[in-house]
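Remarks on the overall topology
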Amino acid sequence: MNSDPKLEAAALTPGDIARRIAREIPPGAAVNLGIGVPTRVANHVEPGRGVMFMAENGILGAGPRPAPGEEDWDLINASREPVTAVPGASLFGHADSFAMIRGGHVDIAVLGALQVSARGDLANWTVPGAGKGGIGGAMDLATGARQVFATMTHLMKDGGLKLLEECSYPLTASGVVGKLFTDIAFIEFTEEGPLLREVAAGLTAEDIQRVSEPRLLVAGTIGTLTREPEAAEPGA
Amino acid sequence: MNSDPKLEAAALTPGDIARRIAREIPPGAAVNLGIGVPTRVANHVEPGRGVMFMAENGILGAGPRPAPGEEDWDLINASREPVTAVPGASLFGHADSFAMIRGGHVDIAVLGALQVSARGDLANWTVPGAGKGGIGGAMDLATGARQVFATMTHLMKDGGLKLLEECSYPLTASGVVGKLFTDIAFIEFTEEGPLLREVAAGLTAEDIQRVSEPRLLVAGTIGTLTREPEAAEPGA
Amino acid sequence: MPEELPPLGDKVYLDSAAAVADIPDGAVILLGGFGGVGVPENLLAAMADHPARELTIVTNHAGFGERGLAVLFRQGKVRKLICTYAFHKSAFVFREIYMAGKIELEQIPQGTMAERIRAAGAGIPAFYTPTGVGTQAAEGKESRGFGGREALLEHALPGDIAIIKAHKADRLGNLVYRGTAANFNPVMAAAAPLTIAEVEAVVEPGEIAPEAVHTPSIYVNRVVLGENLELRSEA
Amino acid sequence: MPEELPPLGDKVYLDSAAAVADIPDGAVILLGGFGGVGVPENLLAAMADHPARELTIVTNHAGFGERGLAVLFRQGKVRKLICTYAFHKSAFVFREIYMAGKIELEQIPQGTMAERIRAAGAGIPAFYTPTGVGTQAAEGKESRGFGGREALLEHALPGDIAIIKAHKADRLGNLVYRGTAANFNPVMAAAAPLTIAEVEAVVEPGEIAPEAVHTPSIYVNRVVLGENLELRSEA
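To keep things clear, this report deals only with the structure shown in the data block. Note that this is a predicted model, so its numbers are computed, not measured.

Some thoughts on the overall build of chain A
Helices and strands together make up the secondary structure of chain A, namely 6 helices and 13 strands. For a compact globule of 236 residues, the expected C-alpha radius of gyration is about 18 Å, and chain A comes in at 18 Å, within 12% of that figure. Over its C-alpha atoms, taken along the principal directions, chain A stretches across nearly 50 × 40 × 35 Å. Looking at the 236 residues of chain A, the share that counts as buried comes to 60%. Looking at chain A alone, contacts between residues at least 24 apart form 65% of all its contacts between residues at least 6 apart. When the accessible area of chain A is evaluated, it comes to approximately 8800 Å², of which 54% is carbon and sulfur surface. Computing the positive centroid from 19 side-chain charges and the negative centroid from 29, chain A places the two 2 Å apart.

A closer look at the side chain of D170 of chain C
All names here are of chain C. When you line up the elements, D170 lands in strand β8 (residues 161-170). K11 is the oppositely charged side chain nearest to the buried, salt-bridge-free D170, at an N-O distance of 7.4 Å. There is a polar contact of 2.9 Å between the side chain of D170 and the backbone nitrogen of L172. Here the side chain of D170 touches N174 through a polar contact of 2.9 Å, side chain to side chain.

Observations regarding the packing of helix α4 (residues 94-102) of chain B against helix α5 (residues 110-122) of chain C
Two numbers describe how α4 of chain B lies on α5 of chain C: the axes approach to 9 Å, and their chain directions differ by 125 degrees. Accordingly, the angle class assigned to the pair α4 of chain B and α5 of chain C is oblique. Judged by the sense of rotation from one axis to the other, the crossing of α4 of chain B with α5 of chain C is left-handed. Of the residues in α5 of chain C, those touching α4 of chain B at H94, A95, F98 and R102 of chain B are Q110, G111, A114, E115 and R118 of chain C. Along the lines of polarity and charge, the residues of the contact of α4 of chain B with α5 of chain C split into 3 nonpolar, 3 polar and 3 charged.

Details of the packing of aromatic side chains
The final tally for this structure, using the stated rule, is 15 aromatic pairs over all chains. Ring geometry for F181 of chain B against F186 of chain B: centres 4.6 Å apart, planes inclined by 15 degrees, an arrangement best described as stacked. Pair check on accessibility: F181 of chain B and F186 of chain B agree, each one buried. On the numbers, 5.6 Å between centres and 25 degrees between planes, the contact of F94 of chain D with Y98 of chain D is stacked. Residue F94 of chain D and its partner Y98 of chain D are located together in helix α4 (residues 92-99), separated by 4 residues, close to a single helical turn. Accessibility expressed as a relative area gives 24% for Y98 of chain D, which makes it partly exposed. A network of ring pairs unites the aromatic residues F73, F87, F94 and Y98 of chain C as a single cluster. When the ring centre of F64 of chain D is taken as origin, the NZ or CZ atom of R80 of chain A, which lies over that ring, is 3.6 Å away.

Re the pairing of strand β7 (residues 149-155) of chain D
All names here are of chain D. By the bridge criterion, 4 bridges tie strand β5 (residues 126-129) to β7 in an arrangement that is antiparallel. Considered in β7, the bridge of A126 is made with H155. Of the strand pairs in this sheet, strand β6 (residues 143-146) and β7 are connected by 4 bridges, and their pairing is antiparallel. Bridging across to β7, R144 finds its partner in A151. With antiparallel pairing between neighbouring strands as the criterion, β6 and β7 make up a hairpin whose turn holds 2 residues, including G147 at a positive phi of roughly 55 degrees.

Quick word on the sheet that holds strand β4 (residues 84-91) of chain A
Residue and element names in this part refer to chain A. Spatially, the 10 strands line up as an open sheet ordered β4-β3-β2-β1-β5-β8-β10-β11-β12-β13, and their pairing is mixed. Looking along the sheet, the strands with just one partner apiece sit at the ends: β4 and β13 (223-225). On average, each strand axis in the sheet is tilted by 30 degrees relative to the strand beside it, whichever way the strands run. In this sheet, strand β12 (residues 193-200) lies alongside strand β11 (residues 185-190) in antiparallel orientation, the contact comprising 6 bridges.

Conventions we followed
Residues numbered from 1 in each chain as written. Chains lettered and ligands numbered in written order. Predicted model: local features only at pLDDT ≥ 70, side-chain atom pairs only at ≥ 80, totals over all residues. Heavy atoms only, no water. Helix = DSSP H or I, 4+ residues; strand = E, 2+ residues; numbered from the N terminus. Rg over C-alpha atoms; globule rule 2.2 N^0.38 Å. Buried < 20%, exposed > 50% of the residue type's maximum accessible area, 1.4 Å probe, protein only. Contact = heavy atoms within 4.5 Å. Areas by Shrake-Rupley, 256 points an atom, 1.4 Å probe, with all protein chains shown as cover. Lys, Arg positive; Asp, Glu negative; His and termini not counted. Charge placed at Lys NZ, Arg CZ, Asp CG, Glu CD. Salt bridge = Lys/Arg side-chain N within 4 Å of Asp/Glu carboxyl O. Polar contact = N/O pair within 3.5 Å; in protein donor to acceptor, adjacent residues only side chain to side chain. Axes fitted to C-alpha atoms, helices over the stretch in contact; angles between N-to-C directions. Parallel < 35°, antiparallel > 145°, perpendicular 65-115°, else oblique. Left-handed = near helix turned anticlockwise from the far one by under 90°. Nonpolar A, V, L, I, M, F, W, Y, C, P; charged D, E, K, R; others polar. Phe/Tyr/Trp six-rings, centres within 6.5 Å; stacked < 30°, edge-to-face > 60°. Lys NZ or Arg CZ within 6 Å of the ring centre and 35° of its normal. Pairing = 2+ DSSP bridges.

What follows is the structure in structure tokens.
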């Protein structure tokens with residue numbers, strides 16, 4: 001994930017990150033999951049917790065992918081994957097769906113990030129220069145959800161920073177990220193600035209600060225992000 | 001209806017007015033009927049014409065009042081009368097209902113009037129001074145329907161005029177009335193002004209002009225509004 | 001005022017009194033119903049036995065007769081009424097209180113009220129509508145032309161609490177309406193942080209097909225089975 | 001461009017070609033569908049055999065693969081695309097045409113697009129939304145604060161023609177959707193004076209219960225039974 005062997009050895013897998021994010025989701029929350037690692041968060045939320053997954057293309061109560069051959073191709077999530085509907089699910093069109101999102105009824109949006117700034121700006125829809133990506137529902141979700149969780153690798157493949165003073169890529173929304181989950185750190189955005197809550201096992205706060213442009217705050221004990229064997233992720 | 005014996009003798013009954021209005025409704029139209037005489041218009045539209053009656057409280061395809069004892073008290077029109085749902089009816093809430101009205105999807109609103117002005121202003125929700133009437137859906141219907149048909153007695157009980165240069169009562173909407181049906185005349189509002197189309201049998205254009213403040217236009221032959229025995233109105 | 005997240009699992013409350021118990025003084029209440037249909041009669045009755053005062057009520061009309069909303073007027077619990085139709089002859093209790101100068105009134109067009117409430121639930125702070133241009137409804141409002149047609153700027157109208165009525169609910173709070181009893185209930189459900197729904201039947205999750213849900217569970221915090229379904233105050 | 005009133009009675013057209021036959025050059029077309037679900041595949045196929053050019057297409061994304069909407073791009077019939085997501089890797093046909101400078105693009109947030117289309121159908125000329133503040137989506141747009149929060153002024157986005165897909169229709173044009181196949185279809189149905197719906201089944205009026213109707217008949221002018229329901233271009 002980057003050119004620093006120490007960080008590379010400590011880095012969480014996507015499954016580990018998804019599992020950590022899942023622990024931050026309170027019982028009964030309505031949650032929208034973006035494409036990629038966010039989608040995998042659903043694998044780590046126990047059904048008994050009453051969490052309802054909503055997809056912006058019109059479902060509240062999206063359940064696991066059906067078994068091969070049992071897909072209903074009229075029932076997909078926003079990542080174009082077939083899903084099921086849990087008991088108590090509801091279906092609706094785009095206007096109603098984004099009324100729900102923009103109206104602040106979705107508790108948490110978990111979104112992939114390209115860059116995050118010191119004050120929680122999110123850039124996740126395109127890189128400068130034409131011909132890459134699209135806006136989709138990202139701006140509405142980032143603006144409308146009560147809490148935005150962002151996730152990304154902490155560094156670019158070439159070692160470049162992604163947690164920056166100011167995003168250099170076009171913004172998705174300003175000051176919206178509440179919690180950031182990277183492969184080496186869990187950072188919470190507070191009034192005072194980004195607060196380092198947890199670091200990957202084997203790393204120190206200094207290791208994370210070294211690859212983060214903004215000054216990271218520390219309060220009390222820093223927790224540890226642990227790795228688990230991939231087999232621990234059900235359905236992955 | 002007024003203190004002029006000649007006009008009084010010629011005046012149409014509410015059933016006559018409703019019957020005349022019904023003839024102006026084209027096949028397949030979606031029509032909203034206000035309280036009073038407008039409600040009775042439905043009695044004169046043959047079912048085979050494909051006209052759909054909508055009520056702003058959330059039904060498209062309202063049918064006749066059910067037989068006594070067979071009312072469904074969850075199914076009413078905006079006049080609080082029990083209705084039926086015709087085959088092909090649909091039900092919806094207020095936001096969707098007024099989206100339909102304001103969005104110009106209702107072809108004709110037939111509304112009772114207190115006053116109408118030379119340029120088709122409608123006053124129908126209150127008289128000056130507190131404590132009478134209410135806005136309800138009138139402003140939305142008058143503004144949103146593609147065509148507004150207004151109906152009223154031509155004169156006040158004391159003989160005062162109701163078809164005026166300018167309304168003296170608070171307006172419901174400006175310049176919206178397309179056709180006006182009174183107990184003695186049918187007047188169409190054109191770019192040039194109010195055009196007298198038909199007069200009650202036994203009256204002349206001069207009779208109508210005498211009780212109308214704006215100058216009435218005449219083009220070609222003036223038709224005759226006829227009375228029928230009340231028994232001719234089914235279901236009244 | 002309500003919890004940050006809905007309680008885990010079952011949203012069904014024991015009775016109407018329990019469902020409205022924590023409504024505070026000064027609350028802005030969105031009250032469903034039109035013409036006596038889709039009115040949460042039992043929740044209204046519970047409000048009559050409730051100490052909350054200085055309420056603002058947002059509802060279609062100023063009550064009917066001596067029951068339901070009229071009781072709250074008589075009790076002097078309502079500081080302000082926001083409605084579309086104030087002076088129907090059957091709203092004589094409201095008229096009496098209003099003429100005595102004991103209640104504030106804001107009367108707005110029905111479609112504008114529905115859309116302002118929808119806007120509150122949909123995260124739209126304000127919108128333009130052609131309804132009311134050139135009328136008393138335009139007084140004090142900004143106006144602007146779009147494509148040669150004037151329109152008024154109208155603001156979202158949120159509540160603190162929505163008190164609504166549905167035909168059926170599941171334990172998660174999904175709602176289904178009957179006939180013309182939806183009226184203001186679906187938009188009100190979304191426009192308050194605490195929504196309390198009186199229903200005629202409670203079923204298990206999954207018994208309402210996902211395509212048949214009219215109000216998704218996300219908008220409903222509490223469900224109560226109406227104690228007396230014959231109540232008909234026509235509030 | 002369409003008739004003033006819908007034709008009396010039966011709105012069912014014989015085939016897709018007949019249903020789209022009178023679409024003129026330069027039409028603004030609202031095209032339903034999301035992620036390959038709820039896409040009017042047969043109507044799109046009929047458009048490929050249709051002479052209309054200089055079209056503006058409003059739809060969620062820039063097509064997938066070589067079929068459906070991509071055919072119209074290749075044929076050079078589309079002057080402008082208004083969408084929420086332009087450069088998915090599977091939208092390679094659009095990318096090619098766009099890079100060659102042969103098509104205009106306007107990319108807008110998905111919720112803003114849905115709400116702009118709803119506004120067009122609902123008689124709302126413009127509204128404010130917080131989505132896009134401080135981003136490229138705000139460029140050239142008015143902004144204003146409400147309660148301390150900035151919002152952008154967005155205008156209604158109507159079409160000349162809506163081409164949509166539903167699961168089932170009755171002969172009057174009432175529509176029912178399945179699963180997540182509603183997506184943009186219901187708002188688009190209301191936002192154009194001529195709405196053409198491809199469906200998988202046509203039933204008699206009354207066979208769809210009034211409470212189960214998702215799109216009322218008033219919004220639908222033409223209904224056509226899709227010739228090949230296995231078509232799946234994922235446009």
